[in-house]
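# Observations on the three-dimensional arrangement
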Amino acid sequence: MTQGPYRVDGRTARVWASDAMAGLARRLGRDPLQRLRSITDCSVWDSTRRPDREALRAALVGQDALLCVLTDQIDAAVMETARGLRVISSISVGVDHIDLDAATQRGIIVTNTPGVLVETTAELAIALLLTVTRRVVEADADVRRGHWTPEARWQIDGYLGKDLAGSTLGLVGLGAIGQAVAARAQAFGLRVLGWSRSGRKVPGVERVSLDRVLAEADFVSLHLASTDETRGLMDASALQSMKPGAILINTARGDLVDELALVDALSAGHLSGAGLDVFAQEPLSQGHPLLTLPSVVLTPHIGSATEGTRIRMVDLAVANLEAALSGQNPLHCANPDVFSR
Ligand code: DGY
């Protein structure tokens, strides 16, 4: 896209970016918001602390568009303050931090960034699977703590894990990321079962009911958006219906899982481990019982955290925003109903 600056009511469009991206700029040697600054009247939140609700409300007064990240809770009350807002462009595939109905009612176009983080997130799901099954974190910690002693140099029963080859992976959700995980899993010699709400068929994935995924899979990996239908899907009863000794991997959204029920299932030995990148409340609180379980590997929502993917996400979010400001259809709109209003 080569146009701009974009105009609203006879003046240059005002855009507020909720993240200055200084760290990304240092890594890249360039300003990721350069394009946005050249085509709009762009102001940015220039603090290392995330804007709280009041800061968001104050910053959005008089803005035409918002470039935000997934920690910004954009609810109806925030939109209420931002009376002129036309576009919310989120640098994320998930849009559960945005009240889509409220945005649609107000005629605000919401865009997101699917596609560009597929491989990166799938790689983290596989990384967590390998880390949990081969007890990598526990083994690393023991070496650092001096527990690798001459007597324990190589033990026939030391750090016994689980093989991927010959095991069964169950995918809950078969969108782009689920499919990318399936392709990688097949290369490791896993049989792959999958369930999706849409019933979509994926080559190499045996499509079965959710009950069968949970009952038969040695490892279950979640790849669903957080919606009213999916929140709490992995509740106590779903976790209990997983195969004894199974492992749960979650790189999607934390609120898909009842975390306390997961702690119970792990503590009781019904499940043998979990690899979690996402949590119902982020950051995970220091007293959270998940932190006490050595069979769980925890990462701080880093599914899309590679330099290449993060810049692709920013570029796509800016392109979406630019398209919406110029009256074109953005590449990825999260509330397409807004156009039929
Ligand atoms: C997203 O884009 O929704 C991811 O969770 C970011 O890692």
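Residues numbered from 1 in each chain as written. Predicted model: local features only at pLDDT ≥ 70, side-chain atom pairs only at ≥ 80, totals over all residues. Heavy atoms only, no water.

Our focus in this paragraph is the overall build of the protein. Across its full length, the protein holds 12 helices and 14 strands. By principal-axis analysis of the C-alpha atoms, the protein measures approximately 75 × 45 × 35 Å. For the protein, with 341 residues in total, the buried portion stands at 47%. Just so you have it, the protein exposes about 16,400 Å², and 51% of that area is on carbon and sulfur atoms. Averaged over its 34 positive side-chain charges, the protein has a centre that lies 5 Å from the centre of its 39 negative ones. (Helix = DSSP H or I, 4+ residues; strand = E, 2+ residues; numbered from the N terminus. Buried < 20%, exposed > 50% of the residue type's maximum accessible area, 1.4 Å probe, protein only. Areas by Shrake-Rupley, 256 points an atom, 1.4 Å probe, with all protein chains shown as cover. Lys, Arg positive; Asp, Glu negative; His and termini not counted. Charge placed at Lys NZ, Arg CZ, Asp CG, Glu CD.)

Time to look at the pattern of salt bridges. Across all of its chains, the model carries 22 salt bridges by this definition. One salt bridge connects Arg-35 with Glu-322, and the closest N-O pair in it is separated by 2.5 Å. A residue pair is termed long-range when its members are at least 10 positions apart, and Arg-35 in helix 2 (residues 34–39) and Glu-322 in helix 12 (residues 307–325) qualify at 287 residues. Asp-228 serves as the salt-bridge partner of Arg-231, at 2.8 Å between the closest nitrogen and oxygen. Ionic contacts of the salt-bridge type, sharing partners, join the residues Arg-191, Glu-206, Arg-212 and Glu-216 into one network. (Salt bridge = Lys/Arg side-chain N within 4 Å of Asp/Glu carboxyl O.)

With respect to the helices and strands, the residue Gly-4 is situated in the segment before strand 1 (7–8). Residue classification places Gly-4 among the partly exposed positions, given a relative accessible area of 36%. For the pair Gly-4 and Val-257, spaced 253 residues apart in sequence, the C-alpha separation works out to 44 Å.

The seven strands are arranged 10-9-8-11-12-13-14 in an open sheet whose pairing can be described as parallel. Both edges of this open sheet fall to strand 10 (206–207) and strand 14 (296–298), since each of them pairs with a single strand only. Pairing of strand 12 (residues 246–250) with strand 13 (residues 271–276), which is carried by five bridges, proceeds in the parallel orientation. The partner of Ile-247 across the bridge, within strand 13, is Gly-273. The sheet strands contacting helix 11 (residues 259–267) are strand 12, strand 13 and strand 14, and the helix crosses strand 13 at an angle near 140°. (Pairing = 2+ DSSP bridges. Contact = heavy atoms within 4.5 Å. Axes fitted to C-alpha atoms, helices over the stretch in contact; angles between N-to-C directions.)

A few words on the environment of Ile-177. Within the fold, Ile-177 resides in helix 8 (residues 176–187). Relative accessible area serves as the criterion here: at 19%, Ile-177 is assigned to the buried category. Sequence spacing of Ile-177 and Pro-300 is 123 residues, and the spatial spacing of their C-alpha atoms is 19 Å.

Assigned domains of the protein: these are domain 1 (7–116 + 306–340) and domain 2 (118–298). With centres defined by C-alpha atoms, the gap from domain 1 to domain 2 works out at 32 Å. On the side of domain 2, four residues touch domain 1, which itself brings seven residues to the contact. Summed over both partners, the interface of domain 1 with domain 2 comes to about 500 Å²; 47% of that surface belongs to carbon and sulfur atoms. Taken as a group, Leu-70, Asp-96 and Gly-115 account for 59% of the area that domain 1 buries against domain 2, more than any other trio of residues on that side. Here domain 1 and domain 2 share one salt bridge between them. Residue Asp-96 pairs with Arg-253 through a salt bridge whose shortest N-O separation is 3.0 Å. For the pair domain 1 and domain 2, the interface holds three residue pairs in polar contact (both at pLDDT 80 or more). Per-class residue counts for the side of domain 1 that touches domain 2 are two nonpolar, four polar and one charged. (Domains from an automatic or database assignment. Buried area = accessible area lost by both parts, 1.4 Å probe. Polar contact = N/O pair within 3.5 Å; in protein donor to acceptor, adjacent residues only side chain to side chain. Nonpolar A, V, L, I, M, F, W, Y, C, P; charged D, E, K, R; others polar.)

A separate point is the packing of helix 6 (residues 118–133) against helix 8. Helix-helix packing is described using two parameters, namely the angle between the two axes and the distance between the axes. Axis separation between helix 6 and helix 8 bottoms out at 8 Å; the angle between their running directions is 55°. In terms of their interaxial angle, helix 6 and helix 8 are classed as oblique. Here helix 6 runs over helix 8; the crossing is right-handed. Every residue of helix 8 that contacts helix 6 at Val-118, Glu-119, Thr-121, Ala-122, Glu-123, Ala-125 and Ile-126 is listed here: Ala-176, Ile-177, Ala-180, Val-181, Arg-184 and Ala-185. (Parallel < 35°, antiparallel > 145°, perpendicular 65-115°, else oblique. Left-handed = near helix turned anticlockwise from the far one by under 90°.)

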